[in-house]
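# Summary of the model geometry
Here are the chains, one letter per residue:
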2 protein chains.
Amino acid sequence: MTRVLVIGGSDAGISAGLRVHELAPDVRPLLVVADGYPNFSICGIPYHVSGEVSDWRSLAHRTRADLENAGLDLRLNTRAVAVDPDARTVTVTSDRGQEQLVYDQLVIGTGAVPIRPPIEGLNQLGPADGVHLLHTMDDTFALTATLDRSPRSAVVVGGGYIGLEMVEALRTRDIDVTLVERLPQVLSTVDPELGALVADELRAHDVDIRTGTLVHRIERTTAGLKVSGSNGFEKRADVVLVVVGVRPDTALAETAGVKLGVRGAIAVDRGMRTNVDGIFAAGDCVHTYHRLLGQDVYLPLGTTAHKQGRVAGENALGGSREFTGSLGTQVLKVFDLAIARTGLRDHEAVGFRPVTVETVADDHKAYYPGARPIHLRITGDADSGRLLGAQLVGHRDSAVHKRVDTYAAAIHHAMAVADIEDLDLSYTPPLGSPFDAVQTAAQAWVRQAG
Amino acid sequence: MTRVLVIGGSDAGISAGLRVHELAPDVRPLLVVADGYPNFSICGIPYHVSGEVSDWRSLAHRTRADLENAGLDLRLNTRAVAVDPDARTVTVTSDRGQEQLVYDQLVIGTGAVPIRPPIEGLNQLGPADGVHLLHTMDDTFALTATLDRSPRSAVVVGGGYIGLEMVEALRTRDIDVTLVERLPQVLSTVDPELGALVADELRAHDVDIRTGTLVHRIERTTAGLKVSGSNGFEKRADVVLVVVGVRPDTALAETAGVKLGVRGAIAVDRGMRTNVDGIFAAGDCVHTYHRLLGQDVYLPLGTTAHKQGRVAGENALGGSREFTGSLGTQVLKVFDLAIARTGLRDHEAVGFRPVTVETVADDHKAYYPGARPIHLRITGDADSGRLLGAQLVGHRDSAVHKRVDTYAAAIHHAMAVADIEDLDLSYTPPLGSPFDAVQTAAQAWVRQAG
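Keep in mind the model is a prediction, meaning the values are calculated, not measured.

### A few points about the overall build of chain A
Helix and strand counts for chain A stand at ten helices and 25 strands. Since a compact globule built from 450 residues should have a radius of gyration of about 22 Å, the 23 Å found for chain A is in line with a globular shape. Reported as C-alpha extents along the three principal axes, the dimensions of chain A are approximately 65 × 60 × 40 Å. In chain A, which comprises 450 residues, the share counted as buried stands at 61%. Only carbon and sulfur atoms are counted for the fraction: they give 46% of the accessible area of chain A, which is about 16300 Å². Between the averaged position of the 44 positive side-chain charges in chain A and that of its 56 negative side-chain charges there is a distance of 2 Å.

### Examining the side chain of D11 of chain A
Following the sequence through the fold, D11 of chain A ends up in helix α1 (residues 11-23). Buried D11 of chain A, no salt bridge; nearest opposite-charge side chain is R62 of chain A, N-O distance 7.3 Å.

### Digging into the sheet that holds strand β22 (residues 337-343) of chain A
Residues and elements named next belong to chain A. Sheet architecture is open: five strands sit in the order β21-β22-β25-β24-β23, paired in antiparallel fashion. A strand with exactly one partner marks an edge of an open sheet, and here the two such strands are β21 (330-334) and β23 (354-362). Taken over all neighbouring pairs, the strand axes of this sheet differ in orientation by 10 degrees on average, direction set aside. Both strand β24 (residues 373-381) and strand β25 (residues 387-395) contribute to a ladder of six bridges, which runs antiparallel. In the strand pairing of β25, H375 is matched with V393. Docked against the sheet, helix α9 (residues 400-412) engages β21, β22, β24 and β25, running at close to 175 degrees with respect to β25. The strands touched by helix α10 (residues 437-449) are β23 and β24; relative to β23, the strand with the most contacts, the crossing angle is about 135 degrees.

### Overview of the relation of the copies chain A and chain B
Relative to chain B, chain A is turned by 180 degrees and slid 0.0 Å along the rotation axis, the superposed coordinates differing by an RMSD of 0.0 Å. Within this description, the copies of the chain are treated as partners about a two-fold rotation axis. Interface overlap between copies is the fraction of interface residues in one copy that are interface residues in the other; for chain A against chain B it reaches 100%, indicating a shared surface.

### Re the packing of aromatic side chains
Evaluation of the coordinates by the stated rule reveals twelve aromatic pairs over all chains. With a centroid separation of 5.5 Å and an interplanar angle of 65 degrees, the aromatic rings of Y37 of chain B and F141 of chain B are classed as edge-to-face. A residue pair is termed long-range when its members are at least 10 positions apart, and Y37 of chain B in the loop between β2 (30-32) and α2 (45-49) and F141 of chain B in helix α4 (residues 137-147) qualify at 104 residues. In this structure an aromatic cluster arises from ring pairing among Y37, F40, W56 and F141 of chain A. In this structure, R270 of chain A is placed above the aromatic ring of Y289 of chain A, and the distance from its NZ or CZ to the ring centre is 4.1 Å.

### A few points about the UniProt feature "domain: FAD/NAD(P)-binding" (unreviewed entry) in chain A
As annotated by UniProt and renumbered to match this structure, "domain: FAD/NAD(P)-binding" (unreviewed entry) occupies residues 3-309 of chain A. Along residues 3-309 of chain A one finds 24% helix and 27% strand; the C-alpha atoms at either end are 17 Å apart.

### Points about the interface of chain A and chain B
Contact residues are listed per partner, giving 60 residues for chain A and 60 residues for chain B. A buried area of about 5700 Å², summed over both sides, lies between chain A and chain B, and 58% of it is on carbon and sulfur atoms. The tally of links between chain A and chain B comes to ten salt bridges. In this structure, E421 of chain A and R321 of chain B form a salt bridge, with 2.6 Å as the shortest nitrogen-oxygen distance. Scanning the region where chain A abuts chain B turns up 31 residue pairs in polar contact (both at pLDDT 80 or more). Elements represented by at least two residues in the side of chain A that touches chain B include exactly α8 (302-316), β21, α9 and α10 of chain A. Element by element, the count of residues in the side of chain A that touches chain B is highest for α9 of chain A, at nine residues. Per-class residue counts for the side of chain A that touches chain B are 24 nonpolar, 19 polar and 17 charged.

### A few points about the domain arrangement of chain A
All names here are of chain A. As far as domains go, chain A holds domain 1 (4-113 + 247-316), domain 2 (127-244) and domain 3 (330-449). With both sides pooled, the region where domain 2 packs onto domain 3 buries about 1700 Å², and carbon together with sulfur makes up 64% of that total. Ranking the residues of domain 2 by area buried against domain 3 places Y161, E168 and L194 at the top, with a combined share of 32%. Linking domain 2 to domain 3 there are four salt bridges. Summed over the shared surface of domain 2 and domain 3, the result is eleven residue pairs in polar contact (both at pLDDT 80 or more). Secondary-structure elements contributing two or more residues to the side of domain 2 that touches domain 3 are α5 (161-172) and α6 (192-204). In terms of residue count, the dominant contributor to the side of domain 2 that touches domain 3 is α6 (seven residues). Its residues assigned to classes, the side of domain 2 that touches domain 3 shows ten nonpolar, three polar and six charged.

What counts as what
Residues numbered from 1 in each chain as written. Chains lettered and ligands numbered in written order. Predicted model: local features only at pLDDT ≥ 70, side-chain atom pairs only at ≥ 80, totals over all residues. Heavy atoms only, no water. Helix = DSSP H or I, 4+ residues; strand = E, 2+ residues; numbered from the N terminus. Rg over C-alpha atoms; globule rule 2.2 N^0.38 Å. Buried < 20%, exposed > 50% of the residue type's maximum accessible area, 1.4 Å probe, protein only. Areas by Shrake-Rupley, 256 points an atom, 1.4 Å probe, with all protein chains shown as cover. Lys, Arg positive; Asp, Glu negative; His and termini not counted. Charge placed at Lys NZ, Arg CZ, Asp CG, Glu CD. Salt bridge = Lys/Arg side-chain N within 4 Å of Asp/Glu carboxyl O. Pairing = 2+ DSSP bridges. Axes fitted to C-alpha atoms, helices over the stretch in contact; angles between N-to-C directions. Contact = heavy atoms within 4.5 Å. Least-squares fit on C-alpha atoms with pLDDT ≥ 70 in both. Phe/Tyr/Trp six-rings, centres within 6.5 Å; stacked < 30°, edge-to-face > 60°. Lys NZ or Arg CZ within 6 Å of the ring centre and 35° of its normal. UniProt positions renumbered as here; feature names shortened; annotations may be inferred. Buried area = accessible area lost by both parts, 1.4 Å probe. Polar contact = N/O pair within 3.5 Å; in protein donor to acceptor, adjacent residues only side chain to side chain. Nonpolar A, V, L, I, M, F, W, Y, C, P; charged D, E, K, R; others polar. Domains from an automatic or database assignment.

Encoded structure:
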């Protein structure tokens, strides 16, 4: 019987383990989890910080008992520190000391670690001072402990997904928030025209936005923390949260001689195999095959981690499943706005001749009460006519998150923009239009660029 | 210059005309419209009857001026009564008398007419008595005139799409409603398990439902209208609304010698060509190519009419566009419930070995407040594994209407149920799950039937 060892208790690791037991009910994979929080939803942390999810235990996708019932054996609070690929052992440490765990097939799902930018003072200050990074449940507890001391003001460094979700969480707790972003716009994963809509939503909720500003220093003063940066930026605050992105955690994999790929992530093929026999890897620690680009990128997303974990689990049992590729589909809710994207933006569409056209279309027939505009930016290849990408911004109740999925399904099948209007999409006046906004935007692209 | 004549001012006719002028800006198609309401949203009528759309003029997708600016010439209140395909003329009547209009290419978009079931008294009673059929704007005005007399009770005959929307409209006006349906369930376009959820929603809004009941007779009595039927059904009411479906309006086409096809609808090929040279037809008056069945069905839908109209318009100019086929995708809102379907149900899946599996999945992560269940029924082909259909019921805010679109896009591309989980769909805890409900349901199908 195959001994499957999985390192990591987040999306990729859990998915891999569950898939193994699903396909081979006599195999109980052993999961080694560095902390005590297996299968917790990292994506849910902002909603516990905001107070919307009052009990942090709710953030577990599955309880420990659920996981054990689903066929997984767990070693919690146990850190994997080295792999010997010849002996097929992993050295782990815990409060029991050091041990060697034997495996036939190993799945590495060590995830990512937050980037610690070169800000003076960041390494000297910590949660006790009100200075936080955020990635794990322990980081979360540290932050909520700080917030329980009722701070009045916060500086959030980083205007990406997590930064914006945390801005909302802090505003929900009625804390004054200054958002500092190095780039000229917030949410630089979408085009500036859409980033501007996000900034409007933030300002409508009294967020002080400082774009184009690089934070240089955090100091502790008698009047609280002082954050200073480029363009004369200076702000006093009770809390500073630094959330500027993540990098792959490859420390364990490197002990096994596993090769690294794009952006220092673990190099895997589409079967999630590393270069080392018997070692698979999946999730935020690996580079990811991009379906449109036909090459690997670093694009850490929970959805992808789930898919890759299943592929790794299946192949660890000798299967030949291939990850079909990411399109980078993602959605973010910020206050009452939903921002979604899939596929490529102009500057990302290497090898294509991208043209992007923006359209504003109602989420449902204007005559029915409550219609709201959706801003859609469609990117197509001017040479082939192929749909390359779509970005959407609209009200959180305007189904922007599931409208982007139609584009994702279209790109998955290499559809031309001109053919989107052929899709038989649903319509009723309170919920859509005879040609849905998704199709109206594609038709506009064809008229202007096709 | 091609003289394009279009008969019909609803979805198919307008789309055809607009497409002609879009492709050939020097051609101004002439539209002959039987009433004075071109490009009105038939689908929007229930929301005017309910009072939610207070001004009926809002129901126009475009005003007359919009249409003329978009390159259409209009002849309103003008009825086309005969086509001479050899002379290429159409005889029309209006208050100007009778005329012959010349065409090079003719598009017939005469739509459908409501079915008048064999109910005793139905032909003798009318709007003045409070007995209504409903299809046109004039029907709508007659009904709202009746409702303005503040009736207290109504019987709706027919529990399909329009019937249910009208039940909601009447309840919104605080009228007691009895819904009578011949079949054993309301909304027989979805499986009984889902029809039961719809019935629950109706009952929660105090609708008296009588299924399995055939109405035999409507009488006028001193105490109002009396409706009686099978199983001893008898009900007094101030208003009776008969909405039991539609049949294609082919009277004009038949004068041209146009052949009829499925269910008596005009037979067209996928280019929307009839058998008569120079005559195209589109919309509710034609039979429709079903993409999965690979054959023609009668499936009148506004979305389809728009698509077919564009194809007809393009081909009337000598194009070679093909209608890519309908999947029967549709969605209905009834009170707070949305009910959507695409593709085939078991009994419709002729030529396949259909298996249907039901799953209940949350619309977003359960830990985030406000999560609601979606009931999903996935139909797949047990032989090929192909996705054949999906039916969904959930809260109107649970994006059921755009989740069905993902399935529609998948079926369009002949996806296997097992591959749905590979789609890169969007996720954030307030709006979805790492594997969306759409994917969870597909995975459940694979586990049980794949």
